[in-house]
Amino acid sequence: MGDRFEVVGIRKMPDVRLVKKEKWYQGKPVFSAILLGIIFAGCFACELVMTKDPSYLDLQHCNAPLGKEFLFGTDTLGRDIFSMIWYGGRVSLLIGVVSAVISTGIAIFVGAVSACAPAWADALLMRFTEIILSIPSLLLVLFLQAVFRNNTVFSISAAIGMTGWAAMAKVVRSEVLQMRKCGYVVASKCMGGGFFHILWEHFFPGFMPTVMFMAIMDIRSAILAESTLSFMGLGLPVEMVSWGSMLSLAEKAILTNYWWILFFPGIFLIVTLLCITRIGEYYSGG
């Protein structure tokens, strides 16, 4: 029986390399989310953060530099910039969120109706959407502001939201057109499901990842639009503090040595927009 076996020695095992498991935070905008969360928490709980009344005009300390009493200095009216940033950030972020909710709601409704409507209604809605896209959004916002006849937080939010839905509506329409022929949608129609039932149960989960990116970017666009309007003197009243109104009062700071009037509101605005952009890119798969 000895010829039936052969000693060949130790078999060489293949080189197996252990693959390191990726950590949960790799590739995710964790730092941006934490930083944005801190800004949101500080702005919406600004009563706990503010050191002074942001609307108080301390005329004895106009254009005061950074110090223990005024951490970020004061503006040309003697108001504490540190307190104004947190209070004004709440106004700017509120405008961004409310306008994004309005524009997203209009876009989902128009896009879904256009995809499910007859051909003539679909063409009519899409031509109207293209007309809205061809007009500069700033002009539309100014027109709606003239119609509303007052500059408040909710009027500006409504004006920005009612003009920023067109691009998202076209995306929603294309997504719904692909899903409307799926078996589960046809089965739901055969079982008597209405338009809003199918929209909420079937269409909405399908296009939500794509819409999420555009909704987050709409928040950024709304904050930027409000800042632009306030910088042009067409936004909120002077007594209503926002990041945009703070920048509008700092136009002379560029030519003077009062750099802190422009620097700190600009930094908070830029950091917030960058964080929102990074989170939006993550949801878009970028």
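Residues numbered from 1 in each chain as written. Predicted model: local features only at pLDDT ≥ 70, side-chain atom pairs only at ≥ 80, totals over all residues. Heavy atoms only, no water.

### Thoughts on the overall build of the protein chain
If you tally the helices and strands in the protein chain, you get 11 helices and 0 strands. The order of α-helices and β-strands along the protein chain, N terminus first, is α-α-α-α-α-α-α-α-α-α-α. Classification of the 286 residues of the protein chain by burial places 40% in the buried group. Pairs at least 24 apart in sequence give 69% of the contacts found in the protein chain among residues at least 6 apart. (Helix = DSSP H or I, 4+ residues; strand = E, 2+ residues; numbered from the N terminus. Buried < 20%, exposed > 50% of the residue type's maximum accessible area, 1.4 Å probe, protein only. Contact = heavy atoms within 4.5 Å.)

### Re the packing of aromatic side chains
With the rule as written, the count across this model stands at 12 aromatic pairs. With 5.1 Å between their ring centres and 75° between their planes, Phe72 and Phe82 make a pair best called edge-to-face. Of this pair, Phe72 sits in the loop between α2 (46-49) and α3 (81-116) while Phe82 is found in helix α3, placing the two residues 10 residues apart along the sequence. Residue classification places Phe72 among the buried residues on the basis of a relative accessible area of 17%. Note on Trp259 and Trp260: the rings are 5.8 Å apart at their centroids and 80° apart in plane angle, and the pair reads as edge-to-face. One aromatic cluster is present, formed by Phe72, Phe82, Trp86, Trp243, Tyr258, Trp259, Trp260, Phe263, Phe264 and Phe268 through successive ring pairs. (Phe/Tyr/Trp six-rings, centres within 6.5 Å; stacked < 30°, edge-to-face > 60°.)

### Some details on the pattern of salt bridges
For the coordinates displayed, the defined rule picks out 6 salt bridges. Of the charged contacts in the structure, one is a salt bridge between Glu69 and Lys52, with a shortest N-O distance of 3.6 Å. Placement of the pair is Glu69 in the loop between α2 and α3 and Lys52 in the loop between α2 and α3, with a sequence separation of 17 residues. Taking relative accessible area as the criterion, Glu69 reaches 44% and is therefore assigned partly exposed. Look at Lys52 and you get partly exposed, because its relative accessible area is 31%. Between Glu130 and Lys170 there is a salt bridge; the shortest N-O distance is 3.7 Å. With Glu130 in helix α4 (residues 119-134) and Lys170 in helix α7 (residues 166-179), the pair connects residues that are 40 residues apart, well separated along the chain. For Glu130, a relative accessible area of 34% puts it in the partly exposed group. (Salt bridge = Lys/Arg side-chain N within 4 Å of Asp/Glu carboxyl O.)

### Comments concerning the packing of α3 against helix α9 (residues 195-231)
Where α3 meets α9, the closest approach of the two axes is 7 Å, and the angle between their N-to-C directions is 140°. Relative to α9, the element α3 lies oblique. Along this stretch, α3 crosses α9, giving a crossing that reads as right-handed. Split by residue class, the contact of α3 with α9 holds 20 nonpolar, 5 polar and 2 charged. (Axes fitted to C-alpha atoms, helices over the stretch in contact; angles between N-to-C directions. Parallel < 35°, antiparallel > 145°, perpendicular 65-115°, else oblique. Left-handed = near helix turned anticlockwise from the far one by under 90°. Nonpolar A, V, L, I, M, F, W, Y, C, P; charged D, E, K, R; others polar.)

### Some details on the side chain of Thr163
Assignment of secondary structure puts Thr163 in the loop between α6 (153-161) and α7. A polar side-chain atom of Thr163 sits 3.1 Å from the main-chain carbonyl oxygen of Ala159. Ignoring any residue separated from it by four or fewer positions in sequence, one finds Thr163 in contact with Ile132, Ser137, Leu140, Val141 and Leu144. (Polar contact = N/O pair within 3.5 Å; in protein donor to acceptor, adjacent residues only side chain to side chain.)

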